[in-house]
Amino acid sequence: MPQILTALFALLAGFVLLIWSADRFVEGAAATADPAGMPPLLIGRVVVGFGTSAPELAVSALAALGGTPGLALGNAYGSNIANIGLILGLTALFRPIAVHSQVLHKELPMLTIITFLVVGILWNRELDRLDALILLAVFLGIMGWAIVQGLRHRVDALARETDAQLAHNRMPLRHAVFWLLAGLVLLVLSSRMLVWGAVILAKAMGISELVIGLTVVALGTSLPELASSMVAVHKGKDDIALGNVLGSNLFNTLAVVGVAAGIHPLRVDPEVLYRDWPVMTGMTLLLYLMAYRFRDHGRIDRLEGAVLLAGYIGYNAYLVLTTVLK
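(A) Examining the overall build of the chain more closely. Looking only at helices and strands, one finds 12 helices and 4 strands in the chain. Here the chain, with 326 residues, has 56% of them falling under the buried criterion. Within the chain, counting contacts between residues at least 6 apart in sequence, those at least 24 apart form 88% of the total. Only carbon and sulfur atoms are counted for the fraction: they give 70% of the accessible area of the chain, which is about 13500 Å².

What follows is the structure, encoded as structure tokens:
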């Protein structure tokens, strides 16, 4: 019992520190890139969009190092499901999300295609180091594309919103570098606390590390995206809200899983193929269909947000009923 209480405390404390340190890390990284002359669109897509997935990367990498592959994979795919169902669903319910960025119009089909194609890598129920190299190579290709887009589309709607955000959060370069490094160190420390607590609780409750990763850990590591998306929409920066989710899901699918599999080959439980991957793919396809009408004034309305949120709640209720309460 004392160990369970300690694990619960480590899990909760790890979540709080993870969210705070992730925010400091992303702000420090963006503020460091700005005076270096990086275009705002590039900061928005690469530094902020991918940087908000730093918690998922830290947690999955440490889980792989600790020999808990189910937690690593569950965290990545569970975060993707939470990003679309919970974060975009709640954000759209709070306020419909209008999208103007042409870069995001191109990135959403890219995410949809990659989500469908990843099942080919999962099919043999193992992610080895060759699979990791393939995932990371595709990610580097997308990074290259994002850099080209950032240099080419300097007047994109996302660039304007990111520029305004940078101006509002401007800080001296020495402060930016300090928070970049301090945030990175605290990310690692908080991730270690979270992973240890999650593994102990999973064993105590008799459920798999995969389910803990898909639910509790995925929710915790997705909270930075939830906070940043809600704040962005409240300030009228809708492209940042959607960009955070798309960038995060691309990063999770390719870089987070790729790094974890590169550290330690991951065994893919059969439930991932018939339960979790279909839900992640269905959520992505649903978002694509909702966003298909995006034009200059396209948006995700409250009804569509409610559908996404209902899908997320239904999926998690199914996990609880079939694994925790069975």
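(B) Layout of the packing of aromatic side chains. Applying the stated criterion to the full structure yields 1 aromatic pair. Ring centres 5.3 Å apart and planes at 85° place the aromatic pair phenylalanine 139 and phenylalanine 251 in the edge-to-face group. With a gap of 112 residues between them, phenylalanine 139 in helix α6 (residues 129-152) and phenylalanine 251 in helix α10 (residues 238-263) connect regions that are remote in the sequence. Exposure class is identical for phenylalanine 139 and phenylalanine 251. Each is buried.

(C) Inspection of the environment of threonine 112 at higher detail. Following the sequence through the fold, threonine 112 ends up in helix α5 (residues 102-122). C-alpha separation for the pair threonine 112 and tyrosine 288, spaced 176 residues apart in sequence, amounts to 7.2 Å. Among residues more than four places away in sequence, those in contact with threonine 112 are Thr284, Leu285 and Tyr288. Polar side-chain contacts of threonine 112 include one of 2.9 Å to the backbone oxygen of leucine 108.

(D) View of the packing of helix α3 (residues 54-65) against helix α8 (residues 173-205). Interaxial distance between α3 and α8 falls to 9 Å at its minimum, and their mutual angle equals 55°. Taken as axis vectors, α3 and α8 run oblique relative to one another. Viewed along their axes, α3 and α8 form a crossing whose handedness is right-handed. Of the residues in α8, those touching α3 at Ala54, Pro55, Ala58, Val59, Leu62 and Ala63 are Leu187, Val188, Ser191, Arg192, Leu194 and Val195.

(E) Focus on the packing of helix α4 (residues 69-94) against helix α11 (residues 270-291). Two elements in contact, α4 and α11, have axes separated by 10 Å at closest approach and are oriented at 35°. In this structure, the crossing between α4 and α11 has a hand that is left-handed. Seen from α4, the contacting residues are Leu73, Tyr77, Asn80, Ile81, Ile84, Gly85 and Leu88; seen from α11, they are Val272, Asp276, Val279, Met280, Met283, Thr284 and Leu287.

(F) Expanded view of the pattern of salt bridges. Counted according to the given criterion, the structure contains 2 salt bridges. When the shortest N-O distance is used, the salt bridge between arginine 267 and aspartate 269 registers 2.4 Å. The exposed category is assigned to arginine 267, whose relative accessible area is 53%. Of the charged contacts, one joins aspartate 276 and arginine 275 as a salt bridge, the two residues approaching to 2.7 Å between their closest N and O atoms. Across the pair, exposure class does not vary: aspartate 276 and arginine 275 are buried alike.

(G) Inspection of the nonpolar core at higher detail. Leu71, Tyr77, Leu122 and Leu127 are the most contacted members of the largest nonpolar core, which has 82 residues in total. Ignoring sequence-local partners within four residues, the contact set of leucine 127 consists of Leu73, Ile121, Leu122, Val257, Ala261, Pro265, Leu266 and Val268.

(H) Fine view of a nonpolar patch on the surface. A cluster of nonpolar side chains, contributed by Leu130, Leu133, Ile134 and Val138, occupies part of the molecular surface with about 370 Å² of accessible area. Of note, leucine 130 is situated in helix α6.

(I) Highlighting the confidence of the model for the chain. With 79% of its residues at a pLDDT of 70 or more, the chain has an overall mean of 80. By mean pLDDT, the top-scoring element of the chain is strand β2 (residues 126-127) (92), and the lowest-scoring one is helix α7 (residues 157-168) (58).

(J) Highlighting the environment of valine 188. Relative to the helices and strands, valine 188 is located in helix α8. Note on valine 188: relative accessible area 38%, which makes it partly exposed. Between the C-alpha atom of valine 188 and that of proline 55, which follows or precedes it by 133 residues, the distance is 8.4 Å.

(K) Representation of α11. Here α11 contains 22 residues, and its C-alpha end-to-end distance of 31 Å stays within 8% of the 32 Å for a straight helix at 1.5 Å per residue. Aspartate 276 marks the point of greatest bend in α11, at about 35°, and the proline proline 278 comes within the next four residues. Every buried residue of α11 is accounted for by Val272, Leu273, Arg275, Asp276, Trp277, Met280, Thr281, Met283, Thr284, Leu287, Met290 and Ala291.

(L) Expanded view of the side chain of asparagine 83. Secondary-structure assignment places asparagine 83 in helix α4. Note on asparagine 83: relative accessible area 0%, which makes it buried. Within the structure, the side chain of asparagine 83 is placed 3.1 Å from the side chain of serine 248, a separation counted as a polar contact. A distance of 2.7 Å separates a polar atom in the side chain of asparagine 83 from a polar atom in the side chain of asparagine 249. Contacts of asparagine 83, omitting those with residues within four sequence positions, involve Leu88, Ser222, Glu225, Val245, Ser248, Asn249 and Asn252.

Conventions we followed
- Residues numbered from 1 in each chain as written.
- Predicted model: local features only at pLDDT ≥ 70, side-chain atom pairs only at ≥ 80, totals over all residues.
- Heavy atoms only, no water.
- Helix = DSSP H or I, 4+ residues; strand = E, 2+ residues; numbered from the N terminus.
- Buried < 20%, exposed > 50% of the residue type's maximum accessible area, 1.4 Å probe, protein only.
- Contact = heavy atoms within 4.5 Å.
- Areas by Shrake-Rupley, 256 points an atom, 1.4 Å probe, with all protein chains shown as cover.
- Phe/Tyr/Trp six-rings, centres within 6.5 Å; stacked < 30°, edge-to-face > 60°.
- Polar contact = N/O pair within 3.5 Å; in protein donor to acceptor, adjacent residues only side chain to side chain.
- Axes fitted to C-alpha atoms, helices over the stretch in contact; angles between N-to-C directions.
- Parallel < 35°, antiparallel > 145°, perpendicular 65-115°, else oblique.
- Left-handed = near helix turned anticlockwise from the far one by under 90°.
- Salt bridge = Lys/Arg side-chain N within 4 Å of Asp/Glu carboxyl O.
- Core = buried A, V, L, I, M, F, W, Y, C linked by side-chain atoms within 4.5 Å.
- Patch = residues over 30% accessible without salt bridge, like charges linked within 9 Å, V, L, I, M, F, W, Y side chains within 5 Å.
- pLDDT = per-residue confidence, 0-100.
- Expected span 1.5 Å × (residues − 1).
- Bend = angle between axes of the 7 residues up to and from the residue.

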